[in-house]
Amino acid sequence: QDRFNIVVFRDTPKSFRSELVPASPATLDEAVSFLDGLQSGGSTDVYGAVKPVLDQAPRQGVPGIVVMVTDGRPTEGNLEGRALINALSEENRLGNTVYTFGGGNTVNQYLMDLLAYRNRGQSYIAPRIEDVDDDLPVFFDRLRDALLVNLKADYAVVDDEAIFPRDLPDFYRNRVVTVYGEYQPATQGELVLRIQGSAGEENKELVLRADLRDAPKGTREIAEQWAFEKTYHLIGELTRRGDDPAILGEMQRLSSEFGVRT
């Protein structure tokens, strides 16, 4: 039941089809022929290629997965770096998730990490160009079985402002989602987490309860990882709002207190 399309970054982007098409065996064979016929050349307009894809709404209860395979270095168009991250993130209003993949040591990791983070996705950089052939299928395989999408979380007594990531990613089979927050067992009592989402045409709800008042004390590693996730969030805010002194000051505090390196 999947649908797909392929868009090649060019000065004028080249698409396999004008719209999403069913992933039938015949269409997949045609897609392979399309890729086999490509030749390297022209310039790279990332915004011009990705913006029309983000304008296509996912179906109800099905993730809209946009995978950008790129070095993150546009050579055409007016947008790059922070401006490109902001433009694509602000215009992604229909709920698509952006994943980024690249290879080698010339990749613009800042752009790829933050573009994925701001759009509920993940980035992966293969250490060597030679690793791409092996790593890319593994990366795609992580997105094979979506279980619950368009998630909303209610953390009850826990302060939402201290929870990271702020926007939950979709749930996939065999992928762990970890959320970090500040919780005070002595004063906040039972921890309750309520998650709502959709699976196809059905709406689902999960309610998780835990009484942590008598639980073993966590390690400092948990606090350090919370600080890292908060710093990641703050870097995302810097791309959105510019060099805000208050954000930079909080990042410096987290660096001093928890050893977070940026």
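Structure: above.
What counts and how
Residues numbered from 1 in each chain as written. Predicted model: local features only at pLDDT ≥ 70, side-chain atom pairs only at ≥ 80, totals over all residues. Heavy atoms only, no water. Buried < 20%, exposed > 50% of the residue type's maximum accessible area, 1.4 Å probe, protein only. Helix = DSSP H or I, 4+ residues; strand = E, 2+ residues; numbered from the N terminus. Pairing = 2+ DSSP bridges. Right-handed = clockwise from strand over helix to strand, strands pointing away. 1 Å grid on protein atoms, 1.4 Å probe; cavity = no way out; pocket = protein on both sides within 12 Å on 5 of 7 lines; lining within 4 Å. Points joined across faces, edges and corners; volume = space filled by probe spheres on them. Nonpolar A, V, L, I, M, F, W, Y, C, P; charged D, E, K, R; others polar. Salt bridge = Lys/Arg side-chain N within 4 Å of Asp/Glu carboxyl O.

## Comments concerning the pairing of strand β6 (residues 96-103)
- Among the eight residues of β6, eight are classified as buried, and the element is accordingly described as predominantly covered.
- The side-chain alternation of β6 yields two buried faces, one formed by Asn96, Val98, Thr100 and Gly102 and the other by Thr97, Tyr99, Phe101 and Gly103.
- Sheet topology note: the strand β5 (residues 64-69)/β6 ladder contains six bridges and is parallel. Its bridge partner lying in β6, Val66 is registered against Val98.
- Here four bridges tie β6 to strand β7 (residues 123-126), and the two strands are oriented parallel to one another. Considered in β7, the bridge of Phe101 is made with Tyr124.
- Remark: the β6/helix α4 (residues 109-118)/β7 crossover connection has right-handed handedness.

## Considerations on unusual backbone geometry
- Residue Pro165 is reached from Phe164 by a cis peptide bond, and omega for that bond is 0 degrees.
- Mapping Pro165 onto the fold places it in the loop between β8 (146-154) and β9 (171-172).
- Here the phi dihedral of Asn150 falls at roughly 55 degrees; this positive angle occurs in a residue that is not glycine.
- Tracing the backbone shows Asn150 in strand β8.
- We classify Asn150 as partly exposed; its relative accessible area is 38%.
- Phi at Ala156 is positive, roughly 55 degrees, even though this residue is not glycine.
- With respect to the element layout, Ala156 can be found in the loop between β8 and β9.

## Some remarks on the layout of surface pockets
- Its volume calculated, the second largest pocket comes out at about 1,200 Å³.
- Together, 35 residues line the second largest pocket, and Gly181, Glu182, Tyr183, Leu212 and Ile222 are the ones closest to its centre.
- Secondary structure elements with two or more residues in the lining of the second largest pocket: β10 (191-199), β11 (202-210), α7 (220-241) and α8 (245-258).
- Residues that form the lining of the second largest pocket fall into these classes: 24 nonpolar, four polar and seven charged.

## Describing the pattern of salt bridges
- This structure, assessed with the given rule, holds 20 salt bridges.
- Arg82 is paired through a salt bridge with Asp243; the nearest N and O atoms lie 3.4 Å apart. Here Arg82 is found in helix α3 (residues 81-91), whereas its partner Asp243 is found in the loop between α7 and α8, with 161 residues between them in sequence.
- Judged by its relative accessible area of 33%, Arg82 is partly exposed.
- Salt bridges here are not isolated pairs; linked through shared partners, they connect Lys230, Glu250, Arg253 and Glu257.

Read these as spatial facts, not as claims about activity.
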